[in-house]
Amino acid sequence: MATAGKVIKCKAAVAWEPNKPLVIEEIEVAPPQANEVRIKIVATGVCHTDLYHLFEGMHKEGFPVVLGHEGAGIVESIGPGVTEFKPGDKVIPLFISQCRECRFCKSPKTNQCVKGWAADRYDVMALEETRLTCKGKKLLQFLGTSTFSEYTVLNQIAVAKIDPAAPLDKVCLLGCGVCTGFGAAVNTAQVEPGSTCAVFGLGAVGLAAVMGCKFAGAKRIIAVDINPEKFEKAKVFGATEFVNPKDHSRPISQVLAEMTEGGVDYSLECVGNVAVMRSALESCVKGWGVSVLVGWTDLHDFAARPIQLIAGRTWKGTLFGGFKSKDGVPEMVKAYLDRKVKLDEFITHNMTLDRVNDAIELMKHGQCIRTVLSVSQP
Ligand code: NAD
Ligand code: ZN
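Since this is a predicted model, take the numbers as computed values, not measurements. (Residues numbered from 1 in each chain as written. Chains lettered and ligands numbered in written order. Predicted model: local features only at pLDDT ≥ 70, side-chain atom pairs only at ≥ 80, totals over all residues. Heavy atoms only, no water.)

Right, let's get into unusual backbone geometry. With omega at -10°, the peptide bond leading from Phe 63 into Pro 64 counts as cis. Relative to the helices and strands, Pro 64 is located in the loop between α1 (48–57) and β4 (65–66). Phi is positive for Leu 143, which is not a glycine, with a value near 50°. Among the secondary structure elements, Leu 143 is positioned in the loop between β10 (140–142) and β11 (151–155). Unlike most non-glycine residues, Gln 190 shows phi in positive territory, near 55°. For Gln 190, the location among the structural elements is in the loop between α5 (177–189) and β13 (196–200). (Helix = DSSP H or I, 4+ residues; strand = E, 2+ residues; numbered from the N terminus.)

What follows is the structure, encoded as structure tokens:
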């Protein structure tokens, strides 16, 4: 390609500081270095974790940054040592790497590869070393990915090659939300056929968890959200019952216990709120109930009574739904192409990157499930 080896000037949405709208800027994207791949981003979803960094976490050292971590695109050029990718390949950037060599990659028990942004600057949720600059300033790469940009650069251990038939404006959702929720049910909770599940929070992550519970054969899937407008959508993914905590004066765990003869087999927290995490745990049946933390927060401690666990409940968390990223994402793309998992139904809005602030506002006010931004023409 004509751009290989050169700095590319392109458009990106830059978060200069916390709590402020993103600014569409012309940025420079350096050529890929050893083992790196430069990707033309075609489409990206907006996930609550982007909003978390901008409005909730607000770690000052984590700015300026290019947000976005749920994207899909096409390889533009490759750096020395890259053998797995070539220009033109369809790819999904990964916020969890899979180097296949570290202690964690070698264990089947986890997907938490030690390389990548998490080892680098976990505190600011970004990769310190970045190929993006604007007006002479270094721009951090949020979760190592930065998909709110026409071009970005990732190490090949954090890129998944996908089926050339995959529509990028749909499969981008597999870069975060859908794999996270689906995997939380299937891989982390390991929901069993015939079981009863409760999913707290019905954004894309929670709806994907509902879809995962159904895929695993759950008999009852109770969808819990304070926004009743989410209930219709939950039905599409397999929810069988709905509970709005605002309709009850009793704790939601009591309501669920009454509905299920003592509690659900599995509960999944997809909100990112420590009080909801506790309710989700307390909604599980004693003896064998499993509760999974999927929602993201690093701001508060959580609390629970030890007796909850002594009585036989298990409390666990999940990052990216437990999927080994390079292996799992292409499999999920295939599952979508084979119509075994839904993606189109998550998308409530389509916009261009210029309107990223509108997309953020929609999510802030609970008015969308996923907005997919078209970033550049394929
Ligand atoms: P979203 O904002 O679209 O959805 C959140 C939902 O929770 C909304 O429907 C909202 O009405 C509901 N909610 C809020 N308060 C509630 C309460 N008290 N009880 C019940 N429901 C409540 O967000 P999303 O993009 O679906 O992301 C959900 C969470 O998952 C976020 O915390 C995000 O950061 C996190 N996340 C985690 C991972 C991971 O790897 N663990 C990956 C992606 C996202
Ligand atoms: Zn996300």
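After that view, the rundown keeps rolling.
Attention shifts here to the pairing of strand β19 (residues 347–352). Where a strand is regular, its side chains alternate between the two sheet faces. With five bridges joining them, β19 and strand β20 (residues 370–374) adopt parallel strand pairing. Pairing of Ile 347 across the sheet is with Arg 370, part of β20. Considered for its hand, the β-α-β crossover made up of β19, helix α12 (residues 356–364) and β20 is right-handed. (Pairing = 2+ DSSP bridges. Right-handed = clockwise from strand over helix to strand, strands pointing away.)

Time to look at the site of ligand 1. Close to ligand 1 lie 27 residues; His 48, Thr 49, Asp 225, Val 294 and Phe 320 are nearest. Ala 204 has a polar backbone atom sitting 3.2 Å from an oxygen atom of ligand 1. At a separation of 2.9 Å, a nitrogen atom of ligand 1 approaches a polar backbone atom of Val 294. Within the shell around ligand 1, the residues separate by chemical class into 15 nonpolar, nine polar and three charged. (Near = heavy atom within 4 Å. Polar contact = N/O pair within 3.5 Å; in protein donor to acceptor, adjacent residues only side chain to side chain. Nonpolar A, V, L, I, M, F, W, Y, C, P; charged D, E, K, R; others polar.)

Looking now at the packing of α5 against helix α6 (residues 204–215). In the contact formed by α5 and α6, the axes pass within 7 Å of each other and the chain directions differ by 40°. Between α5 and α6, the angle falls in the class oblique. Between α5 and α6 lies a crossing of right-handed hand. The residues of α6 that touch α5, namely those facing Gly 177, Val 178, Thr 180, Gly 181, Phe 182, Ala 185 and Val 186, are Ala 204, Val 205, Ala 208, Ala 209, Met 211, Gly 212, Cys 213 and Phe 215. (Axes fitted to C-alpha atoms, helices over the stretch in contact; angles between N-to-C directions. Parallel < 35°, antiparallel > 145°, perpendicular 65-115°, else oblique. Left-handed = near helix turned anticlockwise from the far one by under 90°. Contact = heavy atoms within 4.5 Å.)

Within the protein, Cys 47 (SG), His 69 (NE2) and Cys 176 (SG) serve as the donor atoms for the zinc ion (ligand 2), at 2.0 to 2.3 Å. Each donor residue of the zinc ion (ligand 2) belongs to the same chain, and together they define the spacing C-x21-H-x106-C. Of the two residues, His 69 is situated in the loop between β4 and β5 (70–78) and Cys 176 in the loop between α4 (168–171) and α5; the sequence distance between them amounts to 107 residues. Exposure class is identical for His 69 and Cys 176. Each is buried. (Donors = N, O, S within 2.8 Å, 3.2 Å for Na, K, Ca; no water. Buried < 20%, exposed > 50% of the residue type's maximum accessible area, 1.4 Å probe, protein only.)

By the secondary structure assignment, Thr 188 is in helix α5. What makes Thr 188 buried here is its relative accessible area of 9%. Those residues in contact with Thr 188, other than ones at most four positions away along the chain, are Gly 183, Val 292, Lys 316, Gly 317, Thr 318, Gly 321 and Gly 322.

Attention shifts here to the pattern of salt bridges. Side chains that differ in sign of charge can pair as their charged atoms come close. One pass over the structure, following the stated rule, counts 20 salt bridges. A salt bridge links Glu 17 to Lys 20; the nearest nitrogen and oxygen atoms lie 3.4 Å apart. By relative accessible area, which is 40% here, Lys 20 ends up partly exposed. Residue Asp 89 pairs with Lys 161 through a salt bridge whose shortest N-O separation is 3.3 Å. One end of the pair, Asp 89, is in the loop between β5 and β6 (90–93); the other, Lys 161, is in strand β12 (residues 159–161), with 72 residues separating them in the sequence. On the accessibility criterion, Asp 89 (8% relative accessible area) is buried. Judged by its relative accessible area of 37%, Lys 161 falls in the partly exposed class. (Salt bridge = Lys/Arg side-chain N within 4 Å of Asp/Glu carboxyl O.)

Examined against the element boundaries, Met 332 turns out to sit in helix α11 (residues 325–337). Met 332 sits in the buried class, given a relative accessible area of 4%.

Let's shift gears to the packing of α1 against α12. At their nearest, the axes of α1 and α12 sit 10 Å apart, and the two run at 95° to each other. Accordingly, the angle class assigned to the pair α1 and α12 is roughly perpendicular. Along the contact surface, α1 presents His 48, Leu 51, Leu 54 and Phe 55, while α12 presents Ile 360, Met 363 and Lys 364. By residue class, the composition of the contact of α1 with α12 is five nonpolar, one polar and one charged.

Right, let's get into the UniProt feature "domain: Enoyl reductase (ER)" (unreviewed entry) in the chain. When the UniProt feature table is mapped onto this chain numbering, "domain: Enoyl reductase (ER)" (unreviewed entry) sits at residues 17–373. With 28% helix and 24% strand, the stretch residues 17–373 has end C-alpha atoms that lie 22 Å from each other. (UniProt positions renumbered as here; feature names shortened; annotations may be inferred.)

Let us now look at helix α8 (residues 252–259). Residue pairs spaced three or four apart in an α-helix point in one direction, given the helix's 3.6 residues per turn. When we look at burial in α8, the residues that qualify are Ile 252, Ser 253, Val 255 and Leu 256. The arc that holds the buried residues of α8, viewed along the axis, is 160°, so those residues lie on one side. At its buried positions, α8 is contacted by β13, β14 (220–224), β15 (241–243) and α9 (274–282). Backbone geometry just downstream of α8 places Glu 261 in the positive-phi region, at approximately 55°. (Arc of directions from axis to C-beta.)

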